[in-house]
Amino acid sequence: MTISLIVNGAPQTVEITDGNTPLLWVVRDLLNLKGTKFGCGKAACGACTLHVDGEAIRSCSYPIKLAEGKTITTIEGLGNEQDPHPVQQAWIEEIVPQCGYCQPGFMMATAALLNIIPEPTDADIDQNIINVCRCATYYRMRKAIHRAAAIQKETTAKTKE
Amino acid sequence: MKKRKNRYAFYLVLAVGFFVVANYGRYNTLEYIPISVTEATNTDTSFDKMMRVLTHERCVNCHPNDNIPKQGDNSHPHYFGMARGKTNMGFDATKCNTCHQSENDAYSGVPGAPEWSLAPAAMYWEGLTRIEIAESILDPKRNGGRTSEETMHHLTEHELVLWAWDPGVDANGVLREKPPVSKEDYIKAVKQWFAEGHRIPSE
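It should be emphasised that the depicted structure is a prediction, and the values quoted were computed from it without experimental measurement.

A. Structural detail: the packing of aromatic side chains. Residues and elements named next belong to chain A. Under the counting rule described, the total for this entry stands at seven aromatic pairs over all chains. On the numbers, 5.3 Å between centres and 35° between planes, the contact of Trp 25 with Phe 38 is tilted. In this pair, Trp 25 sits in helix H1 (residues 23-30) while Phe 38 sits in the loop between H1 and strand S3 (49-52), placing the two residues 13 residues apart along the sequence. Accessibility expressed as a relative area gives 30% for Trp 25, which makes it partly exposed. Taking the relative accessible area as the measure of exposure, Phe 38 reaches 33% and is therefore partly exposed. Considering the side-chain rings of Phe 106 and Tyr 138, the 6.2 Å spacing of their centres and the 70° angle between planes classify their relative orientation as edge-to-face. Highlighted residues: Phe 106 in helix H4 (residues 103-116) and Tyr 138 in helix H6 (residues 138-160), separated in sequence by 32 residues. On the basis of relative accessible area, Phe 106 is assigned to the buried category, the value being 2%. By relative accessible area, which is 39% here, Tyr 138 ends up partly exposed.

Below is the structure:
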């Protein structure tokens, strides 16, 4: 089976025997993008969260055959060291990660949230950011999410000027 | 006079004591005779067959009375605090489709089907009797404005409804329970019930 998709802005074609292979393994093993993590494999922990057509998706429960023609963004495509995404910048400023393993999933979930709700309340965060962090960095993440919203607002305002 | 009063009091205490002793076990162990719902409804009428399906957790789990989807054969509240949201599809950025796709995923055990979502709030069935569910599905105010004909087609053709007979495996790789009537018999029963005037029996 041949699957054509766009990953972090670049067209990709993958040959795969099993169309039910999770998108997570295609991204990690075939495209060598190791930022997206395997956590539970049951769409529960959110470590594998990435964007499909701009929406947060658990890539461990997303068969690659459904990704045909879709646009995928992983943590590597969200931003980079020179030009970090507001969420990445906020995560750095608030020194969020402890072990760091689950953080890409949280950041991708947060970026998707800010796309829809630019200034989320604590209730919005509670409802939409339901990933699991075993280091319990939730307190710092909440601060970082609010910080990311502020950075995004500043950036948007500057762009309009 | 006083003697007679004492005698009445003695008999009263005796009677109360006897009542308490005689019923002690019953009230302390909450004994009761369970009424078997299966027994009461296990007949072959089209209504009974249809209702054995519509009251099964594969259907009721997504027709909640509290806006919280249920999961599993034991109908526990959906993990992670998921709820109906504004569009029956979960919250703004974390929605049903964040995890559930258009088909079951055997690797993760996440179920899926086209239009995976909760039934609208007005279509709640959780906690209703068979008769109340039947009244609900015939009431345009609670069935999405459908005519009887449209309801019949919905119940027998919609992919999300028919997913109940292809529920896939759970997170442990164990097959989910299917409704206790085959898909073919269910479809036949629903069509027959509507064709015969969709009468709701009194129970």
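B. Inspection of H6(A) at higher detail. All names here are of chain A. Spanning 23 residues, H6 covers 33 Å between terminal C-alpha atoms, matching the ideal 33 Å at 1.5 Å per step. The complete set of buried residues in H6 reads Met 141, Ala 144, Ile 145, Ala 148, Ala 149, Ile 151 and Gln 152. The secondary structure elements touched by the buried residues of H6 are helix H3 (86-93), H4 and helix H5 (122-128).

C. Up close: the interface of chain A and chain B. Each side of the interface is counted separately: chain A has 25 residues, and chain B has 19 residues. Both faces combined, the contact of chain A with chain B buries some 1,900 Å², and carbon together with sulfur accounts for 57% of it. Broken down residue by residue, the surface that chain A buries against chain B is led by A:Lys42, A:Asn128 and A:Ile130, which jointly contribute 25%. Counting every contact that joins chain A to chain B gives two salt bridges. Residue B:Lys95 is joined to A:Glu55 by a salt bridge in which the shortest nitrogen-to-oxygen separation is 3.1 Å. Counting across the chain A and chain B interface gives nine residue pairs in polar contact (both at pLDDT 80 or more). Going through the elements one at a time, strand S4 (55-58), H4 and H5 of chain A are the ones with two or more residues in the side of chain A that touches chain B. Counting residues per element, the side of chain A that touches chain B draws most heavily on S4(A), at four residues. Here the side of chain A that touches chain B is built from residues that sort into 14 nonpolar, six polar and five charged.

D. Summary view of the nonpolar core. Counting 25 residues, the largest nonpolar core has A:Val87, A:Trp91, A:Phe106, A:Leu113, A:Ile129 and A:Met141 as its most contacted members. Of all the secondary-structure elements, those providing two or more residues to this core are helix H2 (75-78), H3, H4 and H6 of chain A. Per element, the largest residue contribution to this core is seven residues, and it comes from H4(A). Every residue in contact with A:Met141, bar those within four places of it in the chain, is listed here: A:Trp91, A:Val96, A:Gln103, A:Phe106 and A:Cys133. Judged by nonpolar contacts, the second largest core, of 23 residues, contains B:Phe47, B:Trp125, B:Leu162 and B:Trp193.

Calculation notes
Residues numbered from 1 in each chain as written. Chains lettered and ligands numbered in written order. Predicted model: local features only at pLDDT ≥ 70, side-chain atom pairs only at ≥ 80, totals over all residues. Heavy atoms only, no water. Phe/Tyr/Trp six-rings, centres within 6.5 Å; stacked < 30°, edge-to-face > 60°. Helix = DSSP H or I, 4+ residues; strand = E, 2+ residues; numbered from the N terminus. Buried < 20%, exposed > 50% of the residue type's maximum accessible area, 1.4 Å probe, protein only. Expected span 1.5 Å × (residues − 1). Contact = heavy atoms within 4.5 Å. Buried area = accessible area lost by both parts, 1.4 Å probe. Salt bridge = Lys/Arg side-chain N within 4 Å of Asp/Glu carboxyl O. Polar contact = N/O pair within 3.5 Å; in protein donor to acceptor, adjacent residues only side chain to side chain. Nonpolar A, V, L, I, M, F, W, Y, C, P; charged D, E, K, R; others polar. Core = buried A, V, L, I, M, F, W, Y, C linked by side-chain atoms within 4.5 Å.

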